[in-house]
Structures are given as C-alpha cells and as structure tokens.
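This is what each chain is made of:
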Amino acid sequence: DQQVKQNSPSLSVQEGRISILNCDYTNSMFDYFLWYKKYPAEGPTFLISISSIKDKNEDGRFTVFLNKSAKHLSLHIVPSQPGDSAVYFCAAPMDTGNQFYFGTGTSLTVIP
Amino acid sequence: DAGVTQSPTHLIKTRGQHVTLRCSPISGHKSVSWYQQVLGQGPQFIFQYYEKEERGRGNFPDRFSARQFPNYSSELNVNALLLGDSALYLCASSLGRGGLWETQYFGPGTRLLVL
C-alpha cells in the first residue's frame, strides 16, 4: 500500500518559471515530510522538510506547502534553473526510528 | 570529507546466487539504513541498524539480511536471488542521535542485475 504518492512521473518547465511538484499521502498521523533530489548515478540528497504543525517552509528558491486537510504537499521552485533538473522524491517517516516511506518520484526537466 | 560509500557500484548475478553489498557511512555516523529502489519506483525501506543492532525492518523476505560492524560499516546480504531483486540498493547514514528525524545521507547505490 503506497503511503506517499507522486502522481506525476515527469514535469517540464522553462528556465526562470515556477516548478510545482505534488505529493499526496494517506496517513494523517505523519508529523513531518521531506523532499529529496536525485541526480543520475548519485544517491538522493535532502532538500527541504516541513513539520505538520506548519503549512509552509521556505529555503531560498524552494518552498514546501502542506495542506493537512487534503493530505497534500507541494514543492515550489522559483525561479527554476537547468541545474534543478533531477528526480524529486517526497518522503514521510514510518512509525519507528529514522525510516521513511518514499513516493515514486517526479522527474523535473528545466529547459534553458 | 568523504560521503557515504558503497561497493560494488554495479553487479550482475544469476538467479539463485547470493550477493553481499557493502556500505561505509560518513565518519561519526552510527546509523545505517538500506533501501531498495526498483526502476520507476521510489526507495523502499529494507533495514536500519544502529550501534550494530537492528532498529527496523521493512516488508522484505528472510532472504534479505544485514549486519553492522564495530566501525559502523554495514553489509546487506541477499540469498537465493530472484529476477525481481534487480534494483538499485541505496545505503544511507545518519548520526543516530535518536528523537526527531535526522537528515539521511545517501550513497550512490549499488546497481544489481539478476539474470
């Protein structure tokens, strides 16, 4: 059963425009969420997180929004740059320890 | 500083064989986790180890096992390989202080192909 879902496998955006990546979850008990970025031949790298007590967290060009009633979060990248082209995963913690459910990923392509 | 390292980078095995994958965490990190990423899917949690003890296990068969050594490096073993075990195996390390989640630092992975 997929606890964290990313329904858009790919997204293409022009350089300088906004990229919006979406993620849905099923477990209302999740208390924080993370976004990871993955380049080919590299492991995922942590990008940004958000606690369930917040509805927004911003870090430079990256902002994550959380809508708990809709069980939905989104990652906004403004402005998008070609170096942002990567696969983005959202993740949420399991009940025990430092273990996570990951979504299936969205491949972002930023076109120069 | 060296990041998480994994070996080998690529591996080809045949069905029924056994495989051992290795991971060295970032210096000072005491927790190691293993994930399997099948093509087109997100990483799926397999094991977490902290101070040589298993802290968690995902929904994987007993053919999968792991251990952590005194230097905090780790091995993932898979017996009786199946075609479906073909995947990218990711290792992640973290400080292991406990409490709220910690940033996981991932290695580049081992690409396993089972023929």
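**Some points on the overall build of chain B**
A count of helices and strands for chain B gives 0 helices and 11 strands. Ordering the α and β elements of chain B from the N terminus gives β-β-β-β-β-β-β-β-β-β-β. The C-alpha radius of gyration of chain B comes to 13 Å, within 12% of the 13 Å expected for a compact globule of 115 residues. Reported as C-alpha extents along the three principal axes, the dimensions of chain B are approximately 40 × 30 × 30 Å. Here chain B, with 115 residues, has 51% of them falling under the buried criterion. Accessible area for chain B stands at about 5600 Å²; split by element, carbon and sulfur atoms hold 50% of it. Across chain B, the centroid of the 11 positively charged side chains sits 6 Å from that of the 8 negatively charged ones.

**Description of the interface of chain B and chain A**
At the junction of the two partners, chain B supplies 22 residues and chain A supplies 19 residues. In total, chain B and chain A occlude about 1600 Å² of area from one another, counting both sides; carbon and sulfur atoms represent 60% of this. Among the residues chain B hides against chain A, the three largest losses belong to B:Pro43, B:Trp101 and B:Phe106. Together they make up 35% of the total. At the junction of chain B and chain A, the tally comes to 0 salt bridges. Seen at the junction of chain B and chain A, the total is 4 residue pairs in polar contact (both at pLDDT 80 or more). Only β4 (31-37), β5 (44-50), β6 (53-57) and β9 (87-94) of chain B provide two or more residues apiece to the side of chain B that touches chain A. Residues belonging to the side of chain B that touches chain A are distributed by class as follows: 9 nonpolar, 11 polar and 2 charged.

**Notes on the state of the cysteines**
Residue and element names in this part refer to chain A. Inspection of the entire model under this criterion finds 2 disulfides over all chains. A sulfur-sulfur separation of 1.9 Å characterises the disulfide bridge that pairs Cys23 with Cys90. Between Cys23 and Cys90, the S-S dihedral sits near 70°, and the bridge is therefore right-handed. Here Cys90 lies in strand β9 (residues 86-93) and Cys23 lies in strand β3 (residues 19-25), a separation of 67 residues in the sequence. Each member of the pair, Cys23 together with Cys90, is buried.

Rules used in this analysis
- Residues numbered from 1 in each chain as written.
- Chains lettered and ligands numbered in written order.
- Predicted model: local features only at pLDDT ≥ 70, side-chain atom pairs only at ≥ 80, totals over all residues.
- Heavy atoms only, no water.
- Helix = DSSP H or I, 4+ residues; strand = E, 2+ residues; numbered from the N terminus.
- Rg over C-alpha atoms; globule rule 2.2 N^0.38 Å.
- Buried < 20%, exposed > 50% of the residue type's maximum accessible area, 1.4 Å probe, protein only.
- Areas by Shrake-Rupley, 256 points an atom, 1.4 Å probe, with all protein chains shown as cover.
- Lys, Arg positive; Asp, Glu negative; His and termini not counted.
- Charge placed at Lys NZ, Arg CZ, Asp CG, Glu CD.
- Contact = heavy atoms within 4.5 Å.
- Buried area = accessible area lost by both parts, 1.4 Å probe.
- Salt bridge = Lys/Arg side-chain N within 4 Å of Asp/Glu carboxyl O.
- Polar contact = N/O pair within 3.5 Å; in protein donor to acceptor, adjacent residues only side chain to side chain.
- Nonpolar A, V, L, I, M, F, W, Y, C, P; charged D, E, K, R; others polar.
- Disulfide = S-S within 2.5 Å.

These figures come from the coordinates and say nothing about function on their own.
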